[in-house]
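The chain contents come next:
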There are 8 protein chains.
Amino acid sequence: MTINPQVSIVMGSDSDLPVMEDAAKTLKEFGVAYEMIITSAHRAPEMTTDFAKKAAPRGIKVVIAGAGYSAHLAGVIAAQTVIPVIGVPLAVSPLQGVDALLAMGQMPSGIPVATVTIGKAGAKNAALLAVEILALSDGSLQKKLVEYRRKLAAEVKGKNRKLK
Amino acid sequence: MTINPQVSIVMGSDSDLPVMEDAAKTLKEFGVAYEMIITSAHRAPEMTTDFAKKAAPRGIKVVIAGAGYSAHLAGVIAAQTVIPVIGVPLAVSPLQGVDALLAMGQMPSGIPVATVTIGKAGAKNAALLAVEILALSDGSLQKKLVEYRRKLAAEVKGKNRKLK
Amino acid sequence: MTINPQVSIVMGSDSDLPVMEDAAKTLKEFGVAYEMIITSAHRAPEMTTDFAKKAAPRGIKVVIAGAGYSAHLAGVIAAQTVIPVIGVPLAVSPLQGVDALLAMGQMPSGIPVATVTIGKAGAKNAALLAVEILALSDGSLQKKLVEYRRKLAAEVKGKNRKLK
Amino acid sequence: MTINPQVSIVMGSDSDLPVMEDAAKTLKEFGVAYEMIITSAHRAPEMTTDFAKKAAPRGIKVVIAGAGYSAHLAGVIAAQTVIPVIGVPLAVSPLQGVDALLAMGQMPSGIPVATVTIGKAGAKNAALLAVEILALSDGSLQKKLVEYRRKLAAEVKGKNRKLK
Amino acid sequence: MTINPQVSIVMGSDSDLPVMEDAAKTLKEFGVAYEMIITSAHRAPEMTTDFAKKAAPRGIKVVIAGAGYSAHLAGVIAAQTVIPVIGVPLAVSPLQGVDALLAMGQMPSGIPVATVTIGKAGAKNAALLAVEILALSDGSLQKKLVEYRRKLAAEVKGKNRKLK
Amino acid sequence: MTINPQVSIVMGSDSDLPVMEDAAKTLKEFGVAYEMIITSAHRAPEMTTDFAKKAAPRGIKVVIAGAGYSAHLAGVIAAQTVIPVIGVPLAVSPLQGVDALLAMGQMPSGIPVATVTIGKAGAKNAALLAVEILALSDGSLQKKLVEYRRKLAAEVKGKNRKLK
Amino acid sequence: MTINPQVSIVMGSDSDLPVMEDAAKTLKEFGVAYEMIITSAHRAPEMTTDFAKKAAPRGIKVVIAGAGYSAHLAGVIAAQTVIPVIGVPLAVSPLQGVDALLAMGQMPSGIPVATVTIGKAGAKNAALLAVEILALSDGSLQKKLVEYRRKLAAEVKGKNRKLK
Amino acid sequence: MTINPQVSIVMGSDSDLPVMEDAAKTLKEFGVAYEMIITSAHRAPEMTTDFAKKAAPRGIKVVIAGAGYSAHLAGVIAAQTVIPVIGVPLAVSPLQGVDALLAMGQMPSGIPVATVTIGKAGAKNAALLAVEILALSDGSLQKKLVEYRRKLAAEVKGKNRKLK
């Protein structure tokens with residue numbers, strides 16, 4: 001948690017924290033200031049509206065919203081702000097995240113949500129997408145992304161060598 | 001459309017009207033006063049919040065909400081009122097309503113939506129469910145429901161006789 | 001279990017009890033009198049018919065029916081009463097409740113079932129929906145619902161504060 | 001339609017007739033006496049119970065039940081008779097019969113339904129399955145089945161020759 | 001395992017035994033002579049063809065075939081005999097039996113397979129369906145089935161009483 | 001098509017044009033310079049790699065990639081650039097876009113794709129998401145977005161009035 | 001149709017011809033001798049076994065099998081030959097080929113089927129895969145494949161230029 | 001791992017090794033020289049392109065590529081080589097391999113991937129398919145395949161005897 005966050009990681013419940021922390025860890029790696037918020041489109045609609053409306057004025061550039069079941073959190077926030085909202089579908093119901101994927105990913109025309117992978121891979125990718133967005137106007141972030149990609153490739157090569 | 005509606009039929013777009021009119025027709029048959037509203041959880045969130053908050057004070061007893069894609073309309077309204085909300089998933093995307101069914105029907109714990117069948121059958125059933133709810137405190141409606149059921153059975157028998 | 005139940009919680013087997021108890025607990029919290037019944041549309045069809053026909057005369061206002069697999073319990077009861085029937089699809093087969101969801105939620109036109117979320121979240125939401133229905137003619141219940149929602153929102157806020 | 005039917009073809013609505021007639025045609029080809037019945041587990045539950053209970057005493061040996069949506073017809077009949085019930089899932093909802101397939105085919109333990117293919121192929125196969133069952137105690141039917149299979153194979157060979 | 005089996009329980013692998021034994025147990029309860037066979041449509045096609053062709057001549061009346069993945073066993077046997085073949089889809093792949101259900105249950109027109117529920121519930125129901133078929137020409141079996149149904153209902157009532 | 005495009009709309013085939021044009025129309029409305037490119041991850045891999053690597057150096061800020069079937073286009077581009085890539089799954093195979101949705105939307109950890117709705121709604125939302133991203137460093141675009149949202153809401157209100 | 005075919009295109013019915021002809025056309029383009037066969041795993045099992053057993057001795061190198069519904073054709077052939085079998089799932093049932101995809105593509109361990117895309121795209125790809133296999137020991141075919149790929153890429157470039 | 005490998009087993013991560021080793025074991029049994037490679041279409045695109053382009057020149061005859069999530073590995077390699085590529089969808093995401101199956105198996109027209117079963121059964125079948133392909137020009141391999149099939153059948157018979 002830092003001062004003047006650029007990214008807000010929002011989730012519907014503290015039980016989503018172990019998954020959504022992967023988004024936080026990744027942002028930390030890139031030195032991007034973030035905050036973590038628990039709010040619920042269903043159980044705390046006013047708080048969610050309040051969050052959505054104040055996000056941009058508070059200087060938030062990107063929202064990452066993780067939710068499961070009929071996941072409305074990302075869509076409800078997206079409907080009330082014009083900054084990019086990234087949705088992470090969570091596999092917390094017996095349907096293993098298919099419900100959340102379709103409840104987030106099939107937004108009707110007019111209000112976009114940038115949906116990523118279900119679960120932990122999605123939490124990480126949401127953070128990387130946020131960094132890519134921020135890097136458009138931040139050359140040092142762009143360099144870090146290039147370096148991150150270089151490391152990813154190097155890791156793969158390392159594993160390949162080790163296998164042999 | 002009548003004075004002092006008890007049921008509010010809400011839909012996200014005028015393109016949903018041909019399906020949702022089946023709800024209206026059924027309510028009319030039962031003599032239940034209703035209104036039809038177009039509002040969108042995504043494109044008109046304030047109007048939707050306003051609708052949800054004023055529904056009960058205005059005397060609305062039951063909300064029927066039809067929506068397609070990542071259908072949030074029923075859930076967003078349900079989160080902001082304590083009167084029963086019935087959701088009708090609409091088959092308007094290439095996924096034929098599976099998206100709307102899961103986006104409406106898999107509500108997380110705390111805020112219920114009474115989900116019915118996808119499409120026209122659902123619009124009619126939503127109205128019948130609303131009538132069943134209203135009939136709990138309206139003996140004449142209860143009689144009409146019993147009569148309706150009697151007719152349904154008679155119709156089946158009639159078709160059966162005709163087949164023979 | 002209390003005298004003069006208003007809500008009947010019905011399930012197909014005692015193995016469904018751990019899930020359906022969440023409906024009971026929630027009704028208890030709201031002070032709504034309920035009963036719990038085991039009956040099976042398939043293994044005990046006469047008992048089910050008997051239950052369905054006597055429910056309204058006995059003063060039952062809402063039925064909550066939980067079932068898994070090709071879940072017929074809610075639909076079979078709904079076909080034989082005109083009080084609202086809420087269906088809770090249970091994730092007890094290898095298909096994780098998709099079968100029960102479609103077997104309950106896609107009722108043909110004429111006989112509505114108010115389907116809620118698969119599993120425990122659904123059991124709780126079924127109870128809340130029942131309370132919402134009963135609250136239409138019970139001002140004190142309506143107040144309790146409003147208070148419940150207030151608590152839900154406060155809980156979210158509390159968790160959010162704790163996170164920070 | 002003939003006297004002393006051995007097979008009863010049941011369907012929920014006259015709109016299912018164009019599909020279920022394929023079952024009738026096939027039974028006719030085999031000279032098996034059948035009847036066609038319209039009854040609905042949901043809209044005419046008493047008629048359905050009455051049908052199910054009297055089927056065996058009336059001399060019916062096999063029931064073929066076609067239904068769509070949350071198709072309960074086969075299961076409800078199967079629960080009230082001990083003669084074999086064959087279910088034909090119909091593709092009449094936007095979900096193209098997946099709902100009917102799971103609502104029929106995932107019967108809980110204790111009450112079997114013999115589910116066949118969705119739609120027209122299923123109606124025909126249901127009739128063939130009924131003939132196979134009846135043929136167990138009818139040598140002439142068994143011969144007809146062997147002959148039918150011989151013709152199927154010959155047809156394939158004929159088409160293959162024509163292709164060349 | 002008994003002399004002169006009437007039902008043949010076939011499975012693709014000995015790993016399917018723990019599920020398919022439920023079919024055997026149920027047949028035993030009804031005093032129906034059965035055999036258990038391991039053969040594979042894929043790994044032992046000649047043995048399977050041989051089994052299918054000799055089943056009827058050996059006096060087998062009904063085949064129960066359990067298989068997982070792209071389950072062909074039931075269909076391949078059904079294609080080579082005119083006695084009824086019941087298919088039990090097994091949930092042994094990561095797709096939890098959806099693959100087996102569709103590979104068995106969607107037989108093309110001409111060759112029927114009587115598909116039952118995925119997994120253990122299906123194994124039991126397959127046996128009950130076999131008994132229902134055999135009971136058509138065996139009055140004592142029919143009585144046992146009626147008695148079995150009576151017990152099922154009594155069990156439900158017993159559980160219901162215990163709950164109270 | 002304009003000089004110095006900020007957004008590149010890429011698609012696998014000219015047959016995708018009627019859908020992807022909705023992205024172009026929306027960008028035009030917002031005055032955002034864009035280009036349209038046909039390239040295929042499968043049929044023209046070198047061209048795609050070349051496109052991906054040169055996109056950022058050419059000044060492209062956001063890529064919108066539409067593809068159907070096992071849609072790899074968005075992922076393959078995303079793997080070779082660090083600017084945000086938005087994926088539009090197209091409903092061009094018999095699976096109605098479920099294949100493209102999962103082939104785009106379930107990216108493994110490390111390389112994000114911002115997936116939007118299947119089909120035309122997705123093409124439009126992809127453009128809006130691109131505008132939201134660009135607006136982070138372009139105040140006039142942000143104003144246009146706020147104005148666009150205002151119009152969306154007004155349109156809903158207009159339709160609602162007309163309905164009454 | 002030519003002398004000494006290397007590839008055998010097999011299908012279950014003449015109604016599959018319009019799709020499977022795409023495989024034939026592609027083989028023709030590459031100058032690969034092929035034959036077209038109608039046989040059915042279900043309706044003509046002996047013919048299918050006969051085909052499978054004689055394919056390799058007759059000089060067939062690769063089998064392409066197209067089938068719909070519970071598509072067993074590819075698997076049944078694969079079980080009776082050790083030459084590669086390519087399966088093309090056909091979208092001919094109401095389930096749009098999902099049934100055929102899983103009935104072909106989820107072969108149990110021991111007998112492989114090389115499954116390709118559902119429908120026409122799959123028929124073409126099956127032929128290309130067959131050519132790739134044959135090209136392993138035919139340098140001129142390999143050159144044609146490289147040329148084909150060059151043309152595919154050129155076509156994409158041509159369409160891209162035309163778009164501009 | 002041997003000199004002059006004919007088959008290359010490629011996977012996206014070392015975590016895929018426990019599944020993909022089944023391919024290696026099977027190739028070993030057949031005495032087919034193979035190599036194992038870790039490379040990622042997403043995290044190491046250049047390495048993957050390099051691998052794909054050099055595979056054929058290095059003497060690789062068949063590529064087996066295992067990947068999960070939006071599995072692009074097989075398709076990306078297939079797009080850059082004209083030797084056969086076999087795809088093994090891995091069940092590593094919450095969707096249990098459905099995502100990988102559709103991301104691999106629904107390749108658009110022009111670039112084939114030979115997709116096999118999800119998971120371990122697929123890894124083994126991929127190896128067997130590779131052997132079948134290689135056996136087309138290697139009589140000793142063909143004999144081993146025939147012998148392998150004989151053993152498979154013998155194993156089934158052995159298990160059947162043991163059961164009795």
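This write-up is about the structure you can find in this document. Because the structure is predicted, anything quoted here is derived from the model rather than measured.

Brief notes about the overall build of chain A
No. 1: Scanning chain A from N- to C-terminus turns up six helices and five strands.
No. 2: Shown N-terminal to C-terminal, the secondary structure of chain A runs as helices and strands in the order β-α-β-α-β-α-β-α-β-α-α.
No. 3: Here the C-alpha radius of gyration of chain A, 16 Å, is about what a compact globule of 164 residues would show, namely 15 Å.
No. 4: With the principal axes as the frame, chain A shows a C-alpha extent of 55 × 40 × 30 Å.

A short note on the interface of chain A and chain B
No. 1: On the chain B side, the residues contacting the 27 residues of chain A number 27 residues.
No. 2: The contact between chain A and chain B buries some 2100 Å² in all, and 62% of this surface belongs to carbon and sulfur atoms.
No. 3: A per-residue breakdown of the area chain A buries against chain B is headed by His-42, His-72 and Gln-106 of chain A, which together make up 25% of the total.
No. 4: Scanning the region where chain A abuts chain B turns up two salt bridges.
No. 5: Note that Lys-53 of chain B is salt-bridged to Glu-46 of chain A, the shortest N-O span being 2.9 Å.
No. 6: Here chain A is connected to chain B by 16 residue pairs in polar contact (both at pLDDT 80 or more).
No. 7: Contributing elements (two or more residues each) for the side of chain A that touches chain B: helix H2 (45–55), helix H3 (73–78) and helix H4 (98–105) of chain A.

Details of the relation of the copies chain F and chain A
No. 1: Each copy of the sequence occupies a distinct position, and chain F is placed on chain A by a rotation of 180° and an axial shift of 0.0 Å, giving an RMSD of 0.0 Å. Read as a symmetry element, the transformation amounts to a two-fold axis.
No. 2: Interface overlap between copies: 100% of the residues of chain F at the interface are likewise at the interface in chain A, consistent with a symmetric, same-surface contact.

Overview of the environment of Ala-78 of chain C
No. 1: Relative to the assigned elements, Ala-78 of chain C resides in helix H3 (residues 73–78).
No. 2: With 12 residues separating them along the chain, Ala-78 of chain C and Leu-90 of chain C place their C-alpha atoms 18 Å apart.
No. 3: With residues up to four places along the chain from it excluded, the contact list for Ala-78 of chain C reads Arg-149 of chain B together with Val-85, Ile-111, Pro-112 and Val-113 of chain C.

Some points on the packing of helix H4 (residues 98–105) of chain F against helix H4 (residues 98–105) of chain H
No. 1: Contact pair H4 of chain F / H4 of chain H: the axes reach a minimum separation of 8 Å and the direction vectors enclose 105°. Put simply, H4 of chain F runs roughly perpendicular to H4 of chain H. Where H4 of chain F abuts H4 of chain H, its residues Val-98, Asp-99, Leu-102 and Ala-103 of chain F lie against Val-98, Asp-99, Leu-102 and Ala-103 of chain H.
No. 2: Partitioned by chemical class, the residues of the contact of H4 of chain F with H4 of chain H number six nonpolar, no polar and two charged.

Points about the side chain of Ser-70 of chain H
No. 1: Among the structural elements, Ser-70 of chain H can be located in the loop between strand E3 (62–67) and helix H3 (73–78).
No. 2: Sequence-distant contacts of Ser-70 of chain H, defined by excluding residues within four places in its chain, comprise Leu-102, Ala-103, Met-104, Gly-105, Gln-106, Met-107 and Pro-108 of chain F together with His-42 and Ala-103 of chain H.

Structural notes on the arrangement of the chains
No. 1: Spatially, chain E is disjoint from chain F: no contact exists, and the shortest C-alpha separation is 15 Å.
No. 2: Chain B makes no contact with chain H; the smallest distance between any of their C-alpha atoms is 15 Å.

Let's talk about the relation of the copies chain A and chain B
No. 1: Once chain A is rotated about the relating axis by 180° and shifted along it by 0.0 Å, it coincides with chain B to within an RMSD of 0.0 Å.
No. 2: Mapped onto chain B, 100% of the interface residues of chain A again fall at the interface, so both copies present the same surface.

Overview of helix H6 (residues 139–163) of chain H
No. 1: For H6 of chain H, which comprises 25 residues, the first-to-last C-alpha distance of 36 Å matches the rise-based estimate of 36 Å (1.5 Å per residue) to within 8%.
No. 2: For H6 of chain H, the set of buried residues is Leu-141, Leu-145, Tyr-148, Arg-149, Leu-152, Ala-153, Val-156, Asn-160 and Leu-163 of chain H.
No. 3: Those residues of H6 of chain H hidden inside the fold are in contact with helix H1 (17–29), strand E2 (34–38) and helix H2 (45–55) of chain E, helix H3 (73–78) of chain G together with helix H1 (17–29) and helix H5 (120–135) of chain H.

Some points on the packing of helix H5 (residues 120–135) of chain A against helix H6 (residues 139–163) of chain A
All names here are of chain A.
No. 1: The N-to-C vectors of H5 and H6 enclose an angle of 140°; their axes lie 8 Å apart at closest approach. It follows that H5 is oblique to H6 by the angle criterion. Every pair of crossing elements has a handedness; the one defined by H5 and H6 is left-handed. Residues Lys-124, Leu-128, Val-131, Glu-132, Leu-134 and Ala-135 of H5 form the contact with H6, whose participating residues are Gly-139, Leu-141, Gln-142, Leu-145, Tyr-148 and Arg-149.
No. 2: Taken together, the residues of the contact of H5 with H6 sort by class into seven nonpolar, two polar and three charged.

Calculation criteria
- Residues numbered from 1 in each chain as written.
- Chains lettered and ligands numbered in written order.
- Predicted model: local features only at pLDDT ≥ 70, side-chain atom pairs only at ≥ 80, totals over all residues.
- Heavy atoms only, no water.
- Helix = DSSP H or I, 4+ residues; strand = E, 2+ residues; numbered from the N terminus.
- Rg over C-alpha atoms; globule rule 2.2 N^0.38 Å.
- Contact = heavy atoms within 4.5 Å.
- Buried area = accessible area lost by both parts, 1.4 Å probe.
- Salt bridge = Lys/Arg side-chain N within 4 Å of Asp/Glu carboxyl O.
- Polar contact = N/O pair within 3.5 Å; in protein donor to acceptor, adjacent residues only side chain to side chain.
- Least-squares fit on C-alpha atoms with pLDDT ≥ 70 in both.
- Axes fitted to C-alpha atoms, helices over the stretch in contact; angles between N-to-C directions.
- Parallel < 35°, antiparallel > 145°, perpendicular 65-115°, else oblique.
- Nonpolar A, V, L, I, M, F, W, Y, C, P; charged D, E, K, R; others polar.
- Expected span 1.5 Å × (residues − 1).
- Buried < 20%, exposed > 50% of the residue type's maximum accessible area, 1.4 Å probe, protein only.
- Left-handed = near helix turned anticlockwise from the far one by under 90°.

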